[in-house]
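Structural characterization, general
In case you want the letters, here they are:
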Amino acid sequence: MANGQWYPKEWPDLIRALADGSLTPVSPKRAATVMLLKDTDAGPAVHMLRRRASMAFAGGAYAYPGGGVDPRDDDHHIRWAGPTRAWWADRLGVDETAAQAIVCAAVRETYEEAGVLLAGPAPDSVVGDTTGEDWEADRAALVARDLSFAEFLERRGLVLRSDLLGAWTRWITPEFEARRYDTWFFVAALPEGQRTRNASTEADRTVWIRPEDAAASYDKGELLMMPPTVATLRQLAPFGTAAGALAAAPGRDLTPVLAQARLENGDIVLSWPGHGEFTKRIPTGGPTA
């Protein structure tokens, strides 16, 4: 393998089934993921986790904290700081209730999987250390979905800091996949006083790594990743500070990236519009390495 691109062996058969009409695409679920940055002497580093090899989807691949939207966060009233829900709806290309739920998912998943909380007791503050037993009990309840994020914020008297997030890009899982997600990628900076930890049951390792170093390790085949992860790492690499990346976020194009598959000279060609490096030609006899 020339690089570390995650590529399931069942994709060719699924693509053929989609092409001949025997496979009906499932509707993608809304999801959010966060590229959490911190400044270092060598430039910004991004927080990444390695999904456990036993995971059905992208096992062993490096990714960012993220996960699906909780419908309970659609319209529950929460204290909110930063751009309005209407602003976020326009930015994300959804209605206001969906925008709230997507932003909530981004903040919740960062807390669930990295222990970092983008919320505070006031619109201009963030909480400090969140590693205490009472915080951990609430985090576990969120993971188990015994507690919605809106309920968690209300119980804690916290304001969600939407101004600490920047919407970066949007990718949709290919139509031939059984598990499909419509995922908004956000960028955020690690709040002062907080620290990350491997709080995810789905990850066996976490790292802080410069985006350019992570991308180089992917190129060498040392780190396994999905196309959206590699693409965003390359996009983050030019920025000299976390603040610089956040400042660039409002100008980013959020047109969804959706993989396309076509037949060409008897082979299947799989591509992601605008991201030629991920194009794969699959002989009809089976997948290529």
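To keep things clear, this report deals only with the structure shown in the data block. Since we're looking at a predicted model, the values are computed, not measured.

Some thoughts on the sheet that holds strand β13 (residues 267–271)
The strand order β12-β13-β14 describes an open sheet built from three strands, whose pairing is antiparallel. At either margin of the open sheet sits one strand with a lone partner, and together these are β12 (260–264) and β14 (280–282). Strand after strand, the sheet turns through a mean of 25° between neighbouring axes, direction not considered. Sheet topology note: the β12/β13 ladder contains five bridges and is antiparallel. In the sheet register, Q260 faces β13, and the bridge partner there is S271. Contacts between helix α1 (residues 11–19) and the sheet are confined to β12, β13 and β14, with β13 contributing the most and set at about 95° to the helix.

Here's the deal with the side chain of S162
Along the chain, S162 falls in the loop between β7 (159–161) and β8 (165–172). A relative accessible area of 0% places S162 in the buried class. Here P83 takes part through its backbone oxygen, which lies 3.5 Å from a polar atom of the side chain of S162. Not counting the four nearest positions on each side in its chain, S162 is found in contact with W80, A81, G82, P83, W88 and V103.

Describing helix α5 (residues 149–156)
Inspection of α5 places F149, A150, F152 and L153 among the buried residues, and these make up the whole buried set. Taken end-on, α5 shows its buried residues confined to a sector of 160°, consistent with a single buried face. Pointing more than 90 degrees away from the buried face of α5 are the exposed residues E154 and R155. Buried residues belonging to α5 abut α3 (96–114), β6 (119–120), α4 (133–143) and β7. In the stretch just after α5, G157 is the one whose phi turns positive, near 65°.

Considering the sheet that holds β7
Strands sit in the order β5-β7-β6 across an open sheet of three strands; the sheet is mixed. Looking along the sheet, the strands with just one partner apiece sit at the ends: β5 (80–81) and β6. Bridge count between β6 and β7: two bridges; the pairing is antiparallel. Counterpart to A119 in the pairing with β7 is L160.

Let's talk about unusual backbone geometry
You will see that R145, though not glycine, has its phi angle at about 60°, which is positive. Counting through the fold element by element, R145 comes out in the loop between α4 and α5. For R145, a relative accessible area of 32% translates into the label partly exposed.

Some words on the environment of A231
Position of A231 among the secondary structure elements: in helix α7 (residues 227–236). Distance from A231 to F278, taken between C-alpha atoms, is 9.3 Å for residues 47 residues apart in sequence. Not counting the four nearest positions on each side in its chain, A231 is found in contact with W171, H275 and F278.

What to know about the nonpolar core
The biggest cluster of nonpolar side chains holds 39 residues, and the ones touching the most others in it are L92, L117, F152, L165 and F186. Residue assignment for this core shows that the elements contributing at least two residues are β1 (29–40), α2 (85–92), α3, α4, α5, β8 and β9 (181–189). No other element matches the nine residues that α3 contributes to this core. Beyond its immediate stretch of four places on either side in the chain, F152 contacts Y111, L117, W135, D138, L142, L147 and L158. I209, A215, Y218 and L236 belong to the second-largest nonpolar core, a separate cluster that totals 34 residues.

Thoughts on the packing of aromatic side chains
As enumerated under the stated definition, the model contains nine aromatic pairs in all. An angle of 80° between the planes, with centres 6.4 Å apart, marks the rings of Y111 and W135 as edge-to-face. Taken together, the residues Y111 in helix α3 and W135 in helix α4 connect sequence positions 24 residues apart. Its relative accessible area of 0% is what places Y111 among the buried residues. Under the relative-accessibility criterion, W135 is labelled buried at 12%. Between W168 and F239, the ring centres sit 5.8 Å apart and the planes meet at 75°, which makes this aromatic pair edge-to-face. Of this pair, W168 sits in strand β8 while F239 sits in the loop between α7 and α8 (242–248), and the two are 71 residues apart along the sequence. According to the relative accessible area criterion, W168 is buried, its value standing at 0%. Feature note: the residues Y111, W135, F149 and F152 constitute an aromatic cluster, connected by ring pairs. Directly above the aromatic system of W135 lies the positively charged group of R156, at a separation of 3.7 Å from the ring centroid.

Criteria and thresholds
Residues numbered from 1 in each chain as written. Predicted model: local features only at pLDDT ≥ 70, side-chain atom pairs only at ≥ 80, totals over all residues. Heavy atoms only, no water. Pairing = 2+ DSSP bridges. Helix = DSSP H or I, 4+ residues; strand = E, 2+ residues; numbered from the N terminus. Axes fitted to C-alpha atoms, helices over the stretch in contact; angles between N-to-C directions. Contact = heavy atoms within 4.5 Å. Buried < 20%, exposed > 50% of the residue type's maximum accessible area, 1.4 Å probe, protein only. Polar contact = N/O pair within 3.5 Å; in protein donor to acceptor, adjacent residues only side chain to side chain. Arc of directions from axis to C-beta. Core = buried A, V, L, I, M, F, W, Y, C linked by side-chain atoms within 4.5 Å. Phe/Tyr/Trp six-rings, centres within 6.5 Å; stacked < 30°, edge-to-face > 60°. Lys NZ or Arg CZ within 6 Å of the ring centre and 35° of its normal.

In short, shape yes, function no, at least from these values alone.
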